[in-house]
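An overview of the molecular structure
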Amino acid sequence: MKTVNLCNYEWYVLEEQVNKMLLLAKDIITKKAYHETFENITWEYCTLRGWLNNDFYKTLKEYHANILETRTDLGVKDKIFLLSVEEVKKYNIQFLEGEGWWWLRSPGYSSNIVASVYDVGGVFIFGFDVNCASGGVRPAMWIDTTKL
């Protein structure tokens, strides 16, 4: 799978379209809870989404002009997001092995559980509790390649 280096991170190129690419962090960049408290929550309101689009986004300052706003399947707009179960399957990355399991933005079997990808590969639909702090974070983003 093709990779690119941006802002001290290596990214997989999941899709290339005219003047843009979908990138996924090659490695887990940190481990964080999907949400600070154990409660029913969706991607739109989780604390991890806020962290990705604020604190993490600030670390990519050099590429702000390149990072495109993306409307996810849940109808919210983000610069930085997590992949969904459907995207993991579409891009056939459910079997990428890594240094631990990582969060998806898709809900699990209940609204206080979130789907993830096992560290040995494969999507875990039943998921983990939203406040599990050992969840890996692998950000994704669409970038405008005309400004690189």
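The coordinates are above.
In this text the structure is predicted, and so the values were computed from the model without any measurement. (Residues numbered from 1 in each chain as written. Predicted model: local features only at pLDDT ≥ 70, side-chain atom pairs only at ≥ 80, totals over all residues. Heavy atoms only, no water.)

What follows deals with the packing of aromatic side chains. One pair of aromatic rings is described through two measures. These are the centre distance and the angle between the planes. Under the definition given, this model contains ten aromatic pairs. Taking 6.1 Å as the distance between ring centres and 70° as the angle between the ring planes, the aromatic pair formed by Tyr 9 and Trp 11 counts as edge-to-face. Judged by its relative accessible area of 0%, Trp 11 falls in the buried class. In textbook terms, an aromatic cluster arises when at least three aromatic residues are bridged by ring pairs, as seen for Tyr 34, Trp 43, Trp 101, Trp 103, Tyr 118, Phe 124 and Phe 128. In this arrangement the basic side chain of Lys 20 is found over the ring face of Trp 142, its NZ or CZ atom lying 4.7 Å from the centre. (Phe/Tyr/Trp six-rings, centres within 6.5 Å; stacked < 30°, edge-to-face > 60°. Buried < 20%, exposed > 50% of the residue type's maximum accessible area, 1.4 Å probe, protein only. Lys NZ or Arg CZ within 6 Å of the ring centre and 35° of its normal.)

Taken together, the five strands give an open sheet; going across it, the order is 1-2-3-12-5, and neighbouring strands pair in antiparallel fashion. Of all the strands in the sheet, just strand 1 (3–6) and strand 5 (67–68) have a single pairing partner and so form its edges. Across two bridges, the pairing between strand 5 and strand 12 (residues 140–144) is antiparallel. Across the sheet, residue Ile 67 finds its bridge partner in strand 12, namely Ile 143. (Pairing = 2+ DSSP bridges. Helix = DSSP H or I, 4+ residues; strand = E, 2+ residues; numbered from the N terminus.)

Glancing now at unusual backbone geometry. The backbone of Cys 7 sits at a positive phi, close to 50°, despite the residue not being glycine. As for its position among the elements, Cys 7 is in the loop between strand 1 and strand 2 (9–17). According to the relative accessible area criterion, Cys 7 is buried, its value standing at 14%.

For strand 9 (residues 113–117), the buried fraction is high: five of the five residues fall into the buried class. A two-sided burial pattern is seen for strand 9, the buried positions comprising Ile 113, Ala 115 and Val 117 on one face and Val 114 and Ser 116 on the other. Counting the residues between successive antiparallel strands, the hairpin from strand 8 (residues 102–107) to strand 9 contains five residues. Sheet analysis places strand 9 next to strand 10 (residues 123–129), joined by four bridges and oriented antiparallel. Note on strand 10: the bridge partner recorded for Val 114 is Phe 128.

Looking now at the nonpolar core. In terms of nonpolar packing, the biggest core is built from 47 residues, with Leu 23, Tyr 34, Leu 83, Leu 104 and Met 141 touching the most fellow members. Of all elements in the fold, only strand 1, strand 2, strand 3 (20–25), helix 1 (47–58), helix 2 (85–90), strand 8, strand 9 and strand 12 reach the threshold of two or more residues within this core. Residue contributions to this core peak at five residues, all from strand 3. (Core = buried A, V, L, I, M, F, W, Y, C linked by side-chain atoms within 4.5 Å.)

Take the environment of Met 1 next. Within the fold, Met 1 resides in the segment before strand 1. Residues Met 1 and Ala 65 lie 64 residues apart in sequence; the distance between their C-alpha atoms is 25 Å. In this view, Met 1 contacts Tyr 12, Val 13, Leu 14, Tyr 91 and Ile 93; residues no more than four positions away in its chain are not counted. (Contact = heavy atoms within 4.5 Å.)

The end-to-end C-alpha distance of helix 1, which contains twelve residues, comes to 16 Å, matching closely the 16 Å that a straight helix rising 1.5 Å per residue would cover. Every buried residue of helix 1 is accounted for by Leu 48, Arg 49, Leu 52, Asn 53, Phe 56 and Tyr 57. Down the axis of helix 1, the smallest arc covering the buried residues is 130°, so these residues share one side. The inward-facing, buried residues of helix 1 abut strand 2, strand 5, strand 7 (77–78), strand 8 and strand 11 (136–137). (Expected span 1.5 Å × (residues − 1). Arc of directions from axis to C-beta.)

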